[in-house]
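Here's the letter readout for the chains.
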Amino acid sequence: MAEKLLIGDVTALTGIAAGRIRHYEKIGLLRAEYLSNGYRVFDVEQVLDLLRIDLMRSLGVGINDIQRLVDGGQTTLADLLDEHRTLLVHQRDRLDQLIAAIDAATDCGDGGVNEHILRTLATTHRDSIGVIGRLSAPLSAPIAAMYADLFEEWKLPVPALFGQMVLPPAATTLLKQLAETPGRGVLFDRLRTLAGDVIALGENLSAATELAHTWIEQQLADPLPDDVIRVLRGVRPLLEHDPVIVQGFRAWARSINPAAELCIDEIATRTAQRGLETVSVIVLPAAKPALHEM
C-alpha cells in the first residue's frame, strides 16, 4: 500500500500552509482521502498535484483557469500558459503606462505641488485624453495620440472635474469616427476658435450673448463638411440628453468665468428655441429632404 501523508506532513514537505491545502480541497482543485478517524491523508500523486496547483498560482494563474485544467477539458497546459502570458503582457503594459504617468506628473523640477501632480495624473491616465475627460472605452493608441497632440496645441484650461468625467460610449464612437473623417479639421478649427473666444470673454456678459448669437449664425451660414455632419447626426440621439455632455461643457465654462458660462447657456437656449439640431455647441444644418419628397 502506498504511503499516506497527513496534512501536517504535506505542509512540512511542500511549505504550503495547511489552510491553503484545505482551501484547494474545498473548491475541488485537490482530492484528499479520509481515515476512519477523520484525518485527511494524501498520497504522493496528490502531493504532486498540490505542487502543480501552487506553481500555477505562483505564476498568477487564476483559480478558475486552473480548474479548467484539472477538469480535463480541451484546455491544455500550453494553451493555459499562452492565455496567461497574453494577460501578463497586458498587465505589464498597463504598469508601464502607470509608471510613465507618475513620472510625468512628479517631474516638476521643484518637487511639485500636490494639486499640479493630481491634475496631471487625472488627465494622463485612466483612458483620459486630457481636455475632454475620460473615455468609457479606450481609443486605439494612434487615435489617442492624435487627439492628445490636437488638444495639447489648444492650451485650454482643464478643470479638475472636467478632466476626469467619464464620457458616454457614444463619445468614444464619435471620436473614432471623426478621426477617420477628412473634414474633421474644419470642425476642430472652429471649436478651437470658439474656445479661445470664450476664454477671452472675461467678465463681459454682453459680449458673451453676442458671441453665442454670432456662433450660431456662422454655423448655419457656413455648415460643416457633409462627412462631419453625417457623423455628428449619427451619434446625436445618444448624446443630446447625456448629463456629461449637457453639464460637462457648462462645468468647463463655469470654471473659466461667468461670461463663458453664460455664452454656453445662451447657445443651448437659442438653439432650443429655434428647434435646431445640436451636438453640444455644434449646430447642424437643416436635414436635406429625401429625393422622393422633392
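Residues numbered from 1 in each chain as written. Predicted model: local features only at pLDDT ≥ 70, side-chain atom pairs only at ≥ 80, totals over all residues. Heavy atoms only, no water.

(A) How the structure looks around the overall build of the chain. In terms of regular secondary structure, the chain is built from 13 helices and 7 strands. Across the chain, every contact between residues at least 6 apart in sequence was considered, and the portion connecting residues at least 24 apart equals 68%. Accessible surface, the chain as shown: approximately 17000 Å² in total, 57% of it carbon and sulfur. (Helix = DSSP H or I, 4+ residues; strand = E, 2+ residues; numbered from the N terminus. Contact = heavy atoms within 4.5 Å. Areas by Shrake-Rupley, 256 points an atom, 1.4 Å probe, with all protein chains shown as cover.)

(B) Representation of the environment of Arg-85. Here Arg-85 lies in helix H5 (residues 77–106). We classify Arg-85 as exposed; its relative accessible area is 56%. In this structure, the C-alpha to C-alpha distance between Arg-85 and Leu-59, residues 26 residues apart in sequence, is 9.6 Å. (Buried < 20%, exposed > 50% of the residue type's maximum accessible area, 1.4 Å probe, protein only.)

(C) Expanded view of the side chain of Asp-54. Structurally, the position occupied by Asp-54 is in helix H3 (residues 44–58). Residues within four places of Asp-54 in sequence aside, it is in contact with Ile-16, Arg-20 and Tyr-24.

(D) View of the environment of Asn-204. Inspection of the secondary structure assignment puts Asn-204 in the loop between helix H9 (184–199) and helix H10 (205–221). Taking relative accessible area as the criterion, Asn-204 reaches 37% and is therefore assigned partly exposed. Polar contacts involving the side chain of Asn-204 include one to the side chain of Ser-206, which spans 2.8 Å. (Polar contact = N/O pair within 3.5 Å; in protein donor to acceptor, adjacent residues only side chain to side chain.)

(E) Structural detail: the sheet that holds strand E2 (residues 33–34). Taken in spatial order, the 3 strands make up an open sheet running E1-E3-E2, and their pairing is antiparallel. What marks the edges here is a single partner per strand, and that holds for strand E1 (5–6) and E2. Strand direction decides the pairing type here: E1 and strand E3 (residues 40–42), joined by 2 bridges, are antiparallel. When the sheet's bridge partners are listed, Leu-5 is paired in E3 with Phe-42. (Pairing = 2+ DSSP bridges.)

(F) Main features of the nonpolar core. Counting residues in hydrophobic clusters, the biggest one holds 48 residues, and the most contacted among them are Tyr-147, Leu-178, Leu-187, Leu-232, Cys-263, Val-281 and Ile-282. Among the secondary structure elements, those contributing two or more residues to this core are helix H7 (141–154), helix H8 (169–179), H9, H10, helix H11 (226–239), helix H12 (243–256) and helix H13 (258–273). Setting aside chain neighbours within four positions, we find Ile-282 in contact with Leu-187, Leu-191, Gln-219, Leu-224, Leu-232 and Glu-277. Counting 17 residues, the second largest nonpolar core, distinct from the first, contains Leu-5, Val-10, Phe-42 and Ile-53. (Core = buried A, V, L, I, M, F, W, Y, C linked by side-chain atoms within 4.5 Å.)

(G) Expanded view of the pattern of salt bridges. A full pass over the atoms with the stated rule returns 16 salt bridges. When the shortest N-O distance is used, the salt bridge between Asp-54 and Arg-20 registers 2.4 Å. One end of the pair, Asp-54, is in helix H3; the other, Arg-20, is in helix H2 (residues 18–26), and 34 residues separate them in sequence. As a salt-bridge pair, Asp-49 and Arg-52 come within 2.7 Å of each other at their nearest N and O atoms. (Salt bridge = Lys/Arg side-chain N within 4 Å of Asp/Glu carboxyl O.)

(H) Structural view of the confidence of the model for the chain. Mean pLDDT over the chain stands at 83; residues scoring 70 or higher make up 85%. Predicted confidence in the chain is weakest over helix H6 (residues 114–122), with a mean pLDDT of 63, and strongest over H10, with 94. (pLDDT = per-residue confidence, 0-100.)

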